[in-house]
Amino acid sequence: MTRLVIAIDGPAASGKGTLARRLATHFNLPHLDTGLLYRATASALLDEGRPLDDVEAAVVAARGLSLTDFDDQRLRAREMGEAASVVAALPEVRAELIDLQRRFARNGEGAVLDGRDIGTVICPDASVKIFVTASAEKRAQRRALELARRGERADYQSILADVKKRDERDSARSVAPLKPAGDATTLDTSELDIEGAFRAALAIVEKARQ
Ligand code: CDP
């Protein structure tokens, strides 16, 4: 069978992570949540008490990452998403992380990667590219629920402000800005539940493989 590389991009809390995990399980492929790489880089800087725009330290932190030692719980905390989007705007950090991601995508039968620049920069030749979106309000609602479930503070208005600020920072940066690849299919999940979004994504993948 031909290799299957699925590239999933989209803004904060669009549901791309959940979709990517479901697709990976369905096709029995490894999944890489590339946001964790930027979160782990930011986390290393914060642990060392360094500012998030310390380029040299950020590059060293990015270089030292290993895909197997992520402390998910800590990295997924709300402030870490914010911090990640600051280090993710540094071109040197992005350059440092390219090889690791491409090696993951090249392995075995294929892979599912989710992030902001998978279809545009990391895997321009992916078999399928899906750009997942949802309105800022829906995304803020989902993130508030997710945080509340984990016992984190979850005030809807401030989360909505966060989501919008992150959209702006991720879209406006000069290197690898958040935007759909020319050959990506956009999937708007505003009115879809998890199952509905998965079905729609599956249809996109099946169509691309025909
Ligand atoms: O789930 P959520 O979108 O909140 O977070 P994430 O996917 O873990 O991404 C956190 C931040 O990392 C984003 O706001 C981006 O600035 C950055 N990121 C990126 O620049 N490129 C990627 N491929 C993945 C994440």
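Here the structure is shown first, and the text comes after it.
Residues numbered from 1 in each chain as written. Predicted model: local features only at pLDDT ≥ 70, side-chain atom pairs only at ≥ 80, totals over all residues. Heavy atoms only, no water.

Asks: Looking at this model, I keep getting lost on the nonpolar core. Mind explaining?
Replies: In summary, soluble globular proteins display a tendency toward joint burial of nonpolar side chains. Core analysis: the biggest nonpolar cluster contains 22 residues, and Leu37, Tyr38, Phe70, Val93 and Leu97 have the highest contact counts within it. It is helix α2 (residues 35-47) that contributes the most residues to this core, 6 residues altogether. Not counting the four nearest positions on each side in its chain, Leu97 is found in contact with Leu37, Tyr38, Thr41, Ala62 and Leu65. Core analysis: the second largest hydrophobic core is formed by 20 residues, Leu19, Leu23, Phe27 and Ala201 among them. (Core = buried A, V, L, I, M, F, W, Y, C linked by side-chain atoms within 4.5 Å. Buried < 20%, exposed > 50% of the residue type's maximum accessible area, 1.4 Å probe, protein only. Helix = DSSP H or I, 4+ residues; strand = E, 2+ residues; numbered from the N terminus. Contact = heavy atoms within 4.5 Å.)

Asks: How should the site of the ligand be read in this particular structure?
Replies: As a matter of local geometry, the ligand sits amid 18 residues, with Arg39, Arg94, Arg143, Arg166 and Asp170 nearest to it. Take Lys16: an N or O atom from its side chain is 3.0 Å from an oxygen atom of the ligand. In the model, an oxygen atom of the ligand is placed 2.7 Å from a nitrogen or oxygen of the Arg94 side chain. If you list the elements that add at least two residues to the shell around the ligand, you get α2, α5 (78-87) and α9 (156-172). Looking at which element gives the most residues to the shell around the ligand, the answer is α2, with 3 residues. A class-by-class count of the residues in the shell around the ligand yields 5 nonpolar, 4 polar and 9 charged. (Near = heavy atom within 4 Å. Polar contact = N/O pair within 3.5 Å; in protein donor to acceptor, adjacent residues only side chain to side chain. Nonpolar A, V, L, I, M, F, W, Y, C, P; charged D, E, K, R; others polar.)

Asks: Explain the packing of aromatic side chains to me, please; I cannot follow it from the model alone.
Replies: Where two aromatic rings form a pair, the distance of their centres and the angle of their planes describe that pair. As enumerated under the stated definition, the model contains 0 aromatic pairs in all. The ring of Phe198 has Arg22 sitting right over it, with the charged end atom 4.2 Å from the ring centre. (Phe/Tyr/Trp six-rings, centres within 6.5 Å; stacked < 30°, edge-to-face > 60°. Lys NZ or Arg CZ within 6 Å of the ring centre and 35° of its normal.)

Asks: What is the right way to read the pairing of strand β4 (residues 128-133) from this model?
Replies: Working note: regular strand, side chains alternate between the two faces of the sheet. Across the 6 residues of β4, 6 count as buried, placing the element largely inside the fold. Burial along β4 is two-sided: Val128, Ile130 and Val132 facing one way and Lys129, Phe131 and Thr133 facing the other are all buried. Across 4 bridges, strand β1 (residues 4-9) lies against β4 in parallel orientation. When the sheet's bridge partners are listed, Asp9 is paired in β4 with Phe131. Relative to strand β5 (residues 185-188), β4 runs parallel, the two sharing 4 bridges. When the sheet's bridge partners are listed, Thr133 is paired in β5 with Asp188. (Pairing = 2+ DSSP bridges.)

Asks: Just checking my understanding: could you explain the pairing of β1 for this structure?
Replies: Among the 6 residues of β1, 6 are classified as buried, and the element is accordingly described as predominantly covered. The side-chain alternation of β1 yields two buried faces, one formed by Leu4, Ile6 and Ile8 and the other by Val5, Ala7 and Asp9. In the sheet, β1 pairs with strand β3 (residues 110-115) via 6 bridges, with the strands oriented parallel. Counted as the bridge partner of Ile8 is Asp114 from β3.

Asks: What exactly am I supposed to notice about the environment of Ile194 here?
Replies: Tracing the chain through its elements places Ile194 in helix α10 (residues 194-209). Judged by its relative accessible area of 54%, Ile194 is exposed. For the pair Ile194 and Arg22, spaced 172 residues apart in sequence, the C-alpha to C-alpha distance is 9.4 Å.

Asks: What's the story with the side chain of Asp162 in this structure? I'm lost.
Replies: Tracing the backbone through its elements, the reader meets Asp162 in helix α9. Within polar-contact distance, the side chain of Asp162 engages the side chain of Arg78 at 3.1 Å. Leaving out residues up to four positions away in the same chain, Asp162 has contacts with Arg78 and Glu82.

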